[in-house]
Amino acid sequence: MATELSGLLVYKFGGASVKDAAAILNLRHIVETTAPGRPLLIVVSAMGKTTNALEEIFKLAYAGRDYAAPLARLEAYHQEAAHALATQLKPATQTDVQEMLNEAFEELGEQLAGVGGPASYDEQYDQVVSYGELLASQLTALVLNDLRPTRWQDCRPLVRTDTSWREGRVNWAVTENNLRTALPPLLREAGVVVTQGFVGGTTKGRTTTLGREGSDYSAAIFAYCLRAESVTIWKDVAGLLNADPKLFKDTVRYPEISYQETIEMAYYGASVIHPKTLKPLADRQIPLRVKSFLDPRAEGTLIHDCQHPPLAPAFIRKAGQCLLSLESKDFAFISEENLEVIFGALAQARLKINLMQNSALSFSVCLDGEPARLAQAVAALGAQFRVQYNEGLTLFTIKNYTPASVTQLVEGRTVLLEQRTRSTFQVVVREA
């Protein structure tokens, strides 16, 4: 195993920070001005809305429908970024960029041509949708390498997961050994390595993904395994805010916040940090910074092991929710045996419970409403329970709520279920 690499920084850039040529050049400026002379690992998401586009293309291919037009639009989008970058790149790099795009889209076309075979929907999904990160990371590495030595690393042979397609579970021991063997020599040689978020691989060389918006988690995996000095997530907001500024007025930035508070916010659905990101960092006391790529010099938010006074209430919104209600058919109480059946069916369908509540004869859960998985759970539970559900709902959570914040949130909304603990208020609503 390679010797320790000290002073490593991990930067994660999301889709908005690599969405076009100007954004990628801004990324390059951030790297040049904030990490001179430091070993730097950059984790990159797919450009802009590429993941959404790949999902659409994959669904068409899986259904046996024509996907040529959206695939052409996606290729044109990447080619447009490459063309706009050309004036800022050396001729040799321009050629490398064009060859990379041509080869990648040829491979993507071959993957799509094979969709619909014996492999499961989720397994085939991972092989296709992962191309967004592969494209963005290769393009970013070429642009950076035009000015300073930079290496691109395919993370799929290194980040080892099981075959839980679309939600790959990391084999930490194998992954740590792989990363600590492969990456320090590259970082010493070049100084900068660019790799992918969201993506891993199985022992048989199949691509897996780590869950939607999983690039933050990828950054934490790399940081944990390589004992990084810190992780910085570059966003289009000023730091970790108490609410989404697109949905709530007068948002507040937290200058610093503890791992525990942030883990709870992420669990409830705060969109700035992926829920799995914090635990690996907290385990090794690696600080996480959330900073704005629009204003790199701004303070941002520092997430670390700290004590702080009571925080401003955090408002968290999760759309696309389903409220599933179950009643025993024979009017029996909802017992521990009933709950075992319910939780087993939900786990088998891989549905995430965001809120649950029970009475003597009924049990209700608020879930991420993915139709196919919901249908599987309803079918499994229908024999034993009367099942009702409402889709298209919204779950709001207020962490560190106050009476005024609750009043502000529920006013004018149709409330279907609410629950509160000492520090957390949750409500399921139907929004107009």
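Residues numbered from 1 in each chain as written. Predicted model: local features only at pLDDT ≥ 70, side-chain atom pairs only at ≥ 80, totals over all residues. Heavy atoms only, no water.

Draft legend 1. Main features of the pairing of strand S14 (residues 385-399). Pairing of strand S11 (residues 314-328) with S14, which is carried by twelve bridges, proceeds in the antiparallel orientation. In the sheet register, Lys318 faces S14, and the bridge partner there is Leu395. Pairing of S14 with strand S16 (residues 424-430), which is carried by six bridges, proceeds in the antiparallel orientation. Note on S16: the bridge partner recorded for Leu395 is Val428. (Pairing = 2+ DSSP bridges. Helix = DSSP H or I, 4+ residues; strand = E, 2+ residues; numbered from the N terminus.)

Draft legend 2. Summary view of the pattern of salt bridges. Taken as a whole, this structure holds 26 salt bridges when the rule is applied. The shortest N-O distance in the salt bridge between Asp162 and Arg169 comes to 3.1 Å. Among the residues examined, Asp162 registers a relative accessible area of 26% and is labelled partly exposed. The class for Arg169 is exposed, based on a relative accessible area of 55%. For the salt bridge of Glu176 with Arg227, the shortest nitrogen-to-oxygen distance reads 2.1 Å. (Salt bridge = Lys/Arg side-chain N within 4 Å of Asp/Glu carboxyl O. Buried < 20%, exposed > 50% of the residue type's maximum accessible area, 1.4 Å probe, protein only.)

Draft legend 3. Broad picture of the packing of helix H4 (residues 91-113) against helix H6 (residues 131-145). The contact between H4 and H6 brings their axes to 10 Å, and the two run at 170 degrees. As far as their axial angle goes, H6 and H4 are roughly antiparallel. Counted together, Thr93, Asp96, Val97, Met100, Leu101, Ala104, Phe105, Glu107, Leu108 and Gln111 of H4 and Tyr131, Leu135, Gln138, Leu139 and Leu142 of H6 form the full contact between these two elements. Taken together, the residues that form the contact of H4 with H6 break down as ten nonpolar, three polar and two charged. (Axes fitted to C-alpha atoms, helices over the stretch in contact; angles between N-to-C directions. Parallel < 35°, antiparallel > 145°, perpendicular 65-115°, else oblique. Contact = heavy atoms within 4.5 Å. Nonpolar A, V, L, I, M, F, W, Y, C, P; charged D, E, K, R; others polar.)

Draft legend 4. Representation of the sheet that holds strand S3 (residues 150-152) within the structure. Spatially, S3-S4-S2-S1-S7-S9-S10-S8 is the arrangement adopted by the eight strands of the open sheet, whose pairing is mixed. Each of the sheet's edge strands pairs with one partner strand only, and the pair in question is S3 and strand S8 (256-258). When the angles between neighbouring strand axes are averaged without regard to direction, this sheet yields 20 degrees. Of the strand pairs in this sheet, S3 and strand S4 (residues 192-196) are connected by three bridges, and their pairing is parallel. Across the sheet, Arg151 pairs through a bridge with Val193, a residue of S4. In the packing of H6 onto the sheet, contacts are made with strand S2 (40-44), S3 and S4, and the angle to S4 comes to roughly 165 degrees. Strands in contact with helix H9 (residues 259-268) are S8 and strand S10 (301-304); relative to S8, the strand with the most contacts, it is inclined by about 80 degrees.

Draft legend 5. Up close: H4. With 23 residues, H4 extends 33 Å between its outermost C-alpha atoms, agreeing within 8% with the 33 Å of an ideal straight helix rising 1.5 Å per residue. Within H4 the residues assigned to the buried category are Thr93, Val97, Met100, Leu101, Ala104, Phe105, Leu108 and Leu112. Where H4 is buried, its residues touch helix H2 (50-62), helix H3 (68-85), helix H5 (121-129) and H6. (Expected span 1.5 Å × (residues − 1).)

Draft legend 6. A look at the UniProt feature "domain: Aspartate/glutamate/uridylate kinase" (unreviewed entry) in the protein chain. As annotated in UniProt, the feature "domain: Aspartate/glutamate/uridylate kinase" (unreviewed entry) corresponds to residues 8-292 in the numbering used here. Annotated as residues 8-292, this span is 49% helix and 13% strand, and its ends, taken at the C-alpha atoms, are 20 Å apart. (UniProt positions renumbered as here; feature names shortened; annotations may be inferred.)

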